[in-house]
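# Report on the structure
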Amino acid sequence: MAIAAALSRALDSDLWWSFRRSPVTMLSALVALVCILGAALAPWLAPHDPFDLATLNLGDAFKPPAWSAEGDALYPLGTDDQGRDMLSAIMYGARVSLLVGISAVVFSTVVGVAVGLLAGYLGGWADGLLMRIADIQLTFPSILIALLVDGVVRAALPRELHDRIALFVVIFAIGISAWPQFARTVRGSTLVERNKEYVLAARVIGISQLRIMLTHVLPNVVGPVLVIATLGLSSAIITEATLSFLGVGVPPTQPSLGTLIRIGNDFLFSGEWWITIFPGAALIAMVLSVNLLGDWLRDALNPRLR
Amino acid sequence: MAAFILSRILQAIPVMLVVALISFAMFAYVGDPVAIMLGQDFTEAQRLQLVHDLGLDQPFFVQFATFVGHALQGEFGLSYRLSRPVAELIAERAPATLELAFCAALVALLVGVPMGVYTGLYRNSWLSRAFLTFSLIGVSLPTFLIGILLILIFSVWLGWLPSFGRGEVVRIGWWSTGLLTLSGLKALVLPSITLGMFQLTLIMRLVRAEMLEVLRTDYIKFARARGLSNRAINFGHALKNTLVPVITIAGLQLGGIIAFAIVTETVFQWPGMGLLFIQSVGAADIPVMAAYLLLIALVFVIINLVVDLLYYLVDPRLRIGRGAAGGH
């Protein structure tokens, strides 16, 4: 019953109404859904297992897409230099890209919200120090920070250990490069909320600072975070793809879309364009649809634009 | 004016010190230079001697001060990977990166500003819509994909432009330039477009938004009432007043251009500092990474400083009342 009630309330809401009114948003939601489902269900949906060496056949290498003359219906988007099915490789690659992107965004959201809440609520020197750090980091592009963090961790850890936890290193590097946006937004709204009556009332009846922050202020400042997180997801996916393209991202044993593009780049000149272009197209579809959804969410949640 | 510049420089010093501390910490705690330099066979006495020679037995702050002193003289030691002085490596590759960044910024400004003005003036024409769609795609496409697509179209399919390297370069003193030869200029085209694309779309959207804003103001209406020509109004009055935010963003983006040069240089195998940096990250070559970090930080600090000064020159209000400085 509760679910049905929540559903009917959701269908009645302004958000749903503005969603239905925008065909571009509906299309991008569809594309994003296809990408996410294709990625998440790759082990069950993909026609081949790109990691199963036994099924790979070098005789099938460099097959063009199925619709061209030499194509093979078995491999709808063609095969790479190892005879791997591109469609399956892309689905598994999108899985890694999405996993890293979402984890990195969650990581930077948690760090950024915590810092913003602390800085905004405590004020004083804590605020000054934390925001100064955020400002300094914001002057550098996030790709540079991510590269640097990745490079330092790579140098600090022994090689075997690094190879084993490379995925987490990338998530950490991307996550740490994006927290200041969250911190600044949350700090701004916390400054407003801090002086409202309900916070004063909570203080008067003697609730601890930490509890006021978490149970009273936090729920009232997370609204804008949703928008930044959506837009942050697309830039996290781009950063991951860029790192992997540069050869310092995810380990080669778990290729993401960026890794696939890097591998395909070597064959661009010999005419095997599909090894690069299809993973690239998948990346663009994913990033563009998430971006458009984020834009829509920002406008829909902003009452001034109605 | 002098006080303003001085306070800005004083603000920049702690930032540089923090960055220096980070890159020093990389030197001091990441990897073991002694082990790298000693190789396989050594005695304990040799090891201690080397530790002493390198000054690694000194207290932390003494070591840090030495590091800053050396850094100020452009002294960063040897690259672990190439066994050559880091300063030399960077100086050798700086011209390539700076030329590329300059051309990219030029592309972004010379194409972005007119497109922004056009879409601001004729907001409903089909060309404006096409520009806006193009800018949305430009913002969403990762830099390296733009590069790959350009290579595929203009190098592989059409064969018009080279896809890697700088072409023929001419040496003028220690500076090597690709701007004076035909092959050098041809080699610059694709990388510059790739690198400038994001900034181009950003500047276009910004100029458009500012134009729309300014065209609504009273002084534009008044200028029309006075019977000034459209040209004088659009360019003399409107465009001029959109320039403050454009200068800020374009200036701050220059740092972004240099940072993203890492990606573009990798795609086009451009022999610049970015390619050097990415090879160093892959090989955990700390001295090069630390030096590059400091250099980039310096570039960013200088850019911020220059942007502030330009602000000051372009916006006369800032010269009258300092209180209005936060207005934008």
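Residues numbered from 1 in each chain as written. Chains lettered and ligands numbered in written order. Predicted model: local features only at pLDDT ≥ 70, side-chain atom pairs only at ≥ 80, totals over all residues. Heavy atoms only, no water.

### As for the nonpolar core
Where a protein is soluble and globular, its nonpolar side chains tend to be buried together. We count it as follows: Take the buried Ala, Val, Leu, Ile, Met, Phe, Trp, Tyr and Cys residues and link them wherever side-chain atoms come within 4.5 Å; each set so joined is a nonpolar core. Only protein chains enter the calculation, and the probe is 1.4 Å; a residue is then buried if its accessible area is under 20% of its type maximum, exposed if over 50%, and partly exposed in between. For the domains described, the bounds stem from an automatic or database domain assignment. Contacts: residue pairs with any heavy atoms within 4.5 Å of one another.
Core analysis: the biggest nonpolar cluster contains 128 residues, and A:Phe140, A:Leu283 and B:Phe144 have the highest contact counts within it. Looking at which domains feed residues into this core, each of domain 1 (11-72) and domain 2 (86-273) of chain B supplies at least three. Once residues within four sequence positions are removed from consideration, A:Phe140 is found in contact with A:Ile145, B:Val19, B:Ile296, B:Ala297 and B:Phe300. Counting 18 residues, the second largest nonpolar core, distinct from the first, contains B:Phe131, B:Met204, B:Val207 and B:Ile233.

### Considering the UniProt feature "transmembrane region" (unreviewed entry) in chain A
Residues and elements named next belong to chain A. Here is the rule: UniProt positions are given in the numbering used here, feature names are shortened, and annotations may be inferred rather than shown by experiment. Only DSSP runs of H or I covering at least 4 residues are called helices, and only runs of E covering at least 2 are called strands; the numbering of each starts at the N terminus.
Per the UniProt entry, the sites bearing "transmembrane region" (unreviewed entry) are residues 24-46, 96-123, 129-153, 165-183, 225-248 and 273-297 in this numbering. Helix and strand shares over residues 24-46 are 91% and 0% respectively, and the end C-alpha atoms of the span are 28 Å apart. Taken as a whole, residues 165-183 contains 100% helix and 0% strand, while its terminal C-alpha atoms sit 27 Å from one another.

### Some points on empty space enclosed by the protein
Residue and element names in this part refer to chain A. Basically, it comes down to this: Residues are called lining when one of their atoms sits within 4 Å of a cavity or pocket point, these points coming from a 1 Å grid over the protein atoms alone, where a cavity is a set in which a 1.4 Å probe fits but cannot get out and a pocket is an open set with protein on both sides within 12 Å along at least five of seven lines. Grid points are joined across faces, edges and corners, and a volume is the space filled by probe spheres set on the points. Residues are grouped as follows: nonpolar covers Ala, Val, Leu, Ile, Met, Phe, Trp, Tyr, Cys and Pro; charged covers Asp, Glu, Lys and Arg; every other residue, Gly included, is treated as polar.
Tallying each qualifying case throughout the model produces 1 cavity of 30 Å³ or more. Taken as a whole, the largest cavity spans an internal volume of roughly 30 Å³. Around the largest cavity, the lining residues are Ala32, Cys35, Ile36, Leu98, Met286, Ser289 and Val290. Where the lining of the largest cavity is concerned, the elements lending two or more residues are helix H3 (23-40) and helix H13 (274-301). In terms of residue class, the lining of the largest cavity is built from 6 nonpolar, 1 polar and no charged.

### Focus: the packing of helix H5 (residues 86-122) of chain A against H13(A)
Residues and elements named next belong to chain A. Just so we agree on the cut-off: All axes here are fitted lines through C-alpha atoms, helices being fitted over the stretch that makes contact, and every angle between N-to-C directions spans 0 to 180 degrees. Any angle that is under 35 degrees is reported as roughly parallel, and any over 145 degrees as roughly antiparallel; angles of 65 to 115 degrees are reported as roughly perpendicular and all others as oblique. Handedness of a helix crossing follows the sense of rotation of the near helix relative to the far helix, less than a right angle counterclockwise being left-handed and clockwise being right-handed.
Running from N to C, H5 and H13 cross one another at 40°; their axes reach a closest spacing of 10 Å. When the axes of H5 and H13 are compared, the pair comes out oblique. Where H5 crosses over H13, the handedness of that crossing is right-handed. Contacts between H5 and H13 involve Met86, Ile90, Ala94, Ser97 and Leu98 on the former and, on the latter, Trp274, Ile275, Phe278, Pro279, Ala282 and Met286. Of the residues contributing to the contact of H5 with H13, the split by class is 10 nonpolar, 1 polar and no charged.

### Some thoughts on the interface of chain A and chain B
Here is the rule: Here's the idea: put two parts together, see how much 1.4 Å probe accessible area each one loses, and the total over both is what we call buried area. Think of a salt bridge as a Lys or Arg side-chain nitrogen and an Asp or Glu carboxyl oxygen that are within 4 Å of each other. Here a polar contact means two N or O atoms within 3.5 Å. Within protein one must be a hydrogen donor candidate and the other an acceptor candidate, and residues neighboring in sequence count only if both atoms are side-chain atoms.
With 36 residues of chain A in contact, the opposing surface of chain B contributes 39 residues. Taking both sides of the interface into account, the surface hidden between chain A and chain B amounts to around 3,200 Å²; carbon and sulfur atoms contribute 87%. Counting every contact that joins chain A to chain B gives 0 salt bridges. Summed over the shared surface of chain A and chain B, the result is 0 residue pairs in polar contact (both at pLDDT 80 or more). Put simply, the parts of the chain that give the side of chain A that touches chain B at least two residues each are helix H6 (124-138), helix H7 (142-156), helix H11 (223-246), helix H12 (257-265) and H13 of chain A. Of the residues assigned to the side of chain A that touches chain B, the class counts are 25 nonpolar, 7 polar and 4 charged.

### What to know about the domain arrangement of chain B
Entries for chain B in the domain assignment read domain 1 (11-72) and domain 2 (86-273). The C-alpha centroid of domain 2 of chain B is placed 41 Å from the C-alpha centroid of domain 1 of chain B.

### Quick notes on the UniProt feature "domain: ABC transmembrane type-1" (unreviewed entry) in chain B
Summarizing the sequence annotation, UniProt attributes the feature "domain: ABC transmembrane type-1" (unreviewed entry) to residues 94-311 of chain B in the numbering used throughout. Annotated as residues 94-311 of chain B, this span is 80% helix and 3% strand, and its ends, taken at the C-alpha atoms, are 28 Å apart.

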